[in-house]
Structure formats: structure tokens, C-alpha cells
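Below, each chain spelled out in residue letters.
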2 protein chains.
Amino acid sequence: MSERKEQWLEELIRLTEGDEKKKTDKQAKILEAAIEIFAEKGFAATSTSEIAQKAGVAEGTIFRHYKTKKDLLLSIAGPIASKLVAPFLARDFAKVIDLPYEKADDFFRSVARDRLRFARNNEKLIRILIHEVPFQPELMEQMKAMLTEIVAARMKRVVEHFQNQGQLIEAPPWRIVRSAASMFIGMIIFHVILAPDFPFDDDEEIDRTLDLLMHGISGRKA
Amino acid sequence: MSERKEQWLEELIRLTEGDEKKKTDKQAKILEAAIEIFAEKGFAATSTSEIAQKAGVAEGTIFRHYKTKKDLLLSIAGPIASKLVAPFLARDFAKVIDLPYEKADDFFRSVARDRLRFARNNEKLIRILIHEVPFQPELMEQMKAMLTEIVAARMKRVVEHFQNQGQLIEAPPWRIVRSAASMFIGMIIFHVILAPDFPFDDDEEIDRTLDLLMHGISGRKA
DNA sequence: AATAAAAGTGAGTACTTACTCACGATCTTG
DNA sequence: CAAGATCGTGAGTAAGTACTCACTTTTATT
């Protein structure tokens, strides 16, 4: 357990240093193909022969680089999970509090924009992550740990800071964070998965959603 | 396509009339076992032999009742999808507008409570639904159709009604519906999946979440 | 009680699965 | 350039896989 924990923590540290492992050409092809098919059909429904074929590689080559099929999945899902929460680990994230963001909504807008762009640039990887996390206990633990120990912990401090300034209402920080996350994740899922045809301006939509989040949907006569 | 559409529409009508098909003992056992394992390991990772074993039934028996494994999945996921949106189809749903609910938040509270209870009573089925919908095009189409033609359409009318009364702000109804849905679905996922240990009072939590939804998270000095 | 229909069985089938391994090709390093 | 390590291969394997079918057992109908 503690080994696991250290593993993704090291991975996070490595990420901030921009240290990528050297991959051979064929290995890159394998990863590319695996991501493509995992995202489309799911991990369990994907065969290694299919991956090999799409990658233009012999099946044995896959197992030279990855002990098992599951190992291949983890080497895809692990890093993306780390990258997803990486910004919250940044050393200056806590300092975000008193430096660039004087207003709470500016802060939320900034985070939302950044993570939405990230999601758009890594759609397939995030699809894989969402789908396979519930079935891979190790991934599940990793995600839970990251969300509670990094994201929730950091966000809690930020929310408390804005509460002290009277910019946010006096409610349990976790509920505020949960609500904000729900709103934006719901927005992403709705527009990316449910209505991908219907085009919209990301920044504009974020602003409108942020408005609802900050001031609610209640009208004057409520 | 139109045949498909009629299929789940008929299913919905049947549901309102409480018409359940007669099942044999072993068939019930098969469904029970399949739901259990599908929810735990996912459809693709589940073998028919495993289902048969858990159901205490010969493997051939499964295929007497269901042509294929996929057929078995659809006969589980289809009905639960229908039941999930069924309340929105109720004839009196539109009338909900001028009869029992004078206040918008009472309406939202009522819907949230009802569907949360439904989700709690059908946790495994909903898990299966969420997980397999993206991979089964037919299910995907069914869900999209239901969400747009039934849920969204009805909710739009209700929101517009409350907007006319000045109880809700003048924003696009779909965005208001999306925000409300995101908040409550986020609440459910958070408490059911991410923090199942941490016990909480459903109705109380719904009220607090509804508060945030109605009035936002912005403080006095914002 | 006789007959038909439906439910249940489990051995069998054709095929796919993840993974191995002995061997040749390519790269790295002295 | 020699030698060892790493990379790449594809035929091969044992263990499933979803599904079938001739058969027996149970249930429904007359």
C-alpha cells in the first residue's frame, strides 16, 4: 500500500520535472493503438492480437514491454490519472490564494478552463480512466488517494481562504468543492459525450456555468 | 430505428401499468446472478459459464432464455433505463406545474428525493447501465432519445413555467436543467461511490445541496 | 391420464484468448 | 569491430470463450 502510494507520488514528482521515459518506436505504436482501442471498446473487450495488428507489430512484442495486458492498461491509466491532478500539487497552488486571484470566481474560472482544455486534449485517455477505474482496485485506490489527499485537501484550504474574506458562503468546504466539481464535470460530460454535435464556446460556457454556481438559479420572486 | 424507439416506448407504457413478464425460477436466478457479476466485473469480463455457476444452472439454460450474452445484458439494462426516466413520462408530470408544487425548490426537492431513493434501491443495475451504455450503441441511442425527448422536454416546460413566475432566473432552460442534474448526480456519485463509509442523511443533504443550487456559493462580500 | 409444449441439461464444437519461447535482428558500449 | 544486451518475431500452447444440440424432465392442456 505504501509502496503503491509512493509510486504515484514519484510519478507526480517526475511529471513536474518533465521526465519522460525513452520509448522505442514500436512501443509508442503499441501505446497509441492500445489507447485507441481501449477507449473505443473497453479494456476487457480488447484483445492483444487486435492491438498488435493495429500497431503493426508482432503480438510477442507487446509482452516484451508489458508483462501482462493489465500491465499495459495500468501504464496508460496511471500517468493520465497523475496528470489529471498534477496542477493541484503544484507548489504555488496554495500560494494561488494570496497572489494572482483576488476573487473567488476568477480562481474557479482559471481551474475550470485549464482542466477543460486538458480534458479536450486527452479525451480518449480520460475515457479509459473513467471506464476502468471502477474495475481495477489499484487504480481505484490511487484515484481515491489523489482526490482526497491532494485535490480535496488543497481545494479545502482555498475555499476556507475565500470564506474568511466573505467571498464564499459559510458551508462545509467539501460540499462547496463537490458542488463546483459536479457543475463543471457535468458540463464537460454533457457537451463532450451527450451533445458533441452542438458546438459551443468553451470559455463562454464556463462563464455562464460559473454564474449559476456563484449566484444560483433562484429568481427575484423566489 | 423507429422500431427501436417504439420498443422502449412500449416498455415504458407497460411499466406504468405494472405488467411484469412471467419468469421461471431458474430464469430469475440467472438474471440475479448476471446482475451481480456484471455489476462487479463488467459485461465483457463476465463469462456465461460464471453466470451459470453462480445461478446454479446449466450453461445451456441461459441460452434457452436469451439468444446471446448481449441479449441477456440488454434485457437487464433496457428496463432499468426505462424505469429511470419513467417518472418524467407520467401524465401528471406536466400538471405538476400548477398543482402540488407552488415553489420551484419544492419541485426540485421532490424529484431529487424520488430519484435518489430509486438509485439506492437499484445500485447494481444503475452501475451496469452507466458502464455499458457507452459501449452498446443501441443502449446509447435509447438513452439519448429518452433524455432528450422525455426528460429534457418535460423539464424544459417546468423550468419555463417557474421562470414565468419569476422563481427562476432567465437563463436557457437546458443549462438550468443541466446544472441541477449535475449537482444531484454529483452528490449521489460522491456519496455512493467515493465516500460510501461516511454516512449521511439523504433528505438533509438534498436540502443543503438544493440551497447551493438555488442561491449559489457566493458570499456577501463577493 | 395422454399428449404436447416448454424448461432444463451437459457434453461437444469451433474459435479466440493471453501469454511463452527459441531464435534472428538491431543497437550500445568497450 | 567484437560482444553483450536489448528489441522484435511468429509459431505454438493451454485454457478459456460463446454458443449448439440431442436428450431428459417438468409443466400445461385437453
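Predicted model only: the values in this text are computed from it and were never measured.

### Things to note about the domain arrangement of chain A
Residues and elements named next belong to chain A. What the domain assignment reports for chain A is domain 1 (3–65) and domain 2 (78–215). Interface of domain 1 and domain 2: buried area, both sides summed, is about 1,400 Å²; carbon and sulfur atoms make up 71% of it. In this structure, the connection of domain 1 to domain 2 is made through one salt bridge. A salt bridge links glutamate 36 to lysine 124; its shortest N-O distance comes to 3.0 Å. Linking domain 1 to domain 2 there are two residue pairs in polar contact (both at pLDDT 80 or more). The greatest single-element share of the side of domain 1 that touches domain 2, amounting to six residues, is contributed by helix H1 (residues 2–16). Looking at side-chain class alone, the side of domain 1 that touches domain 2 contains seven nonpolar, one polar and five charged residues.

### Quick look at the relation of the copies chain B and chain A
In the superposition of chain B on chain A (RMSD 0.1 Å, axial shift 0.0 Å), the rotation amounts to 180°. On the angle and the small slide along the axis, the relation comes out as a two-fold axis. Across chain B, the rotation axis passes nearest the C-alpha of Gly216(B), at a separation of 1.9 Å. Of the residues that chain B buries at the interface, 96% are likewise interface residues in chain A, meaning the two copies contact each other through the same surface.

The rules behind these values
- Residues numbered from 1 in each chain as written.
- Chains lettered and ligands numbered in written order.
- Predicted model: local features only at pLDDT ≥ 70, side-chain atom pairs only at ≥ 80, totals over all residues.
- Heavy atoms only, no water.
- Domains from an automatic or database assignment.
- Buried area = accessible area lost by both parts, 1.4 Å probe.
- Salt bridge = Lys/Arg side-chain N within 4 Å of Asp/Glu carboxyl O.
- Polar contact = N/O pair within 3.5 Å; in protein donor to acceptor, adjacent residues only side chain to side chain.
- Helix = DSSP H or I, 4+ residues; strand = E, 2+ residues; numbered from the N terminus.
- Nonpolar A, V, L, I, M, F, W, Y, C, P; charged D, E, K, R; others polar.
- Least-squares fit on C-alpha atoms with pLDDT ≥ 70 in both.
- Contact = heavy atoms within 4.5 Å.

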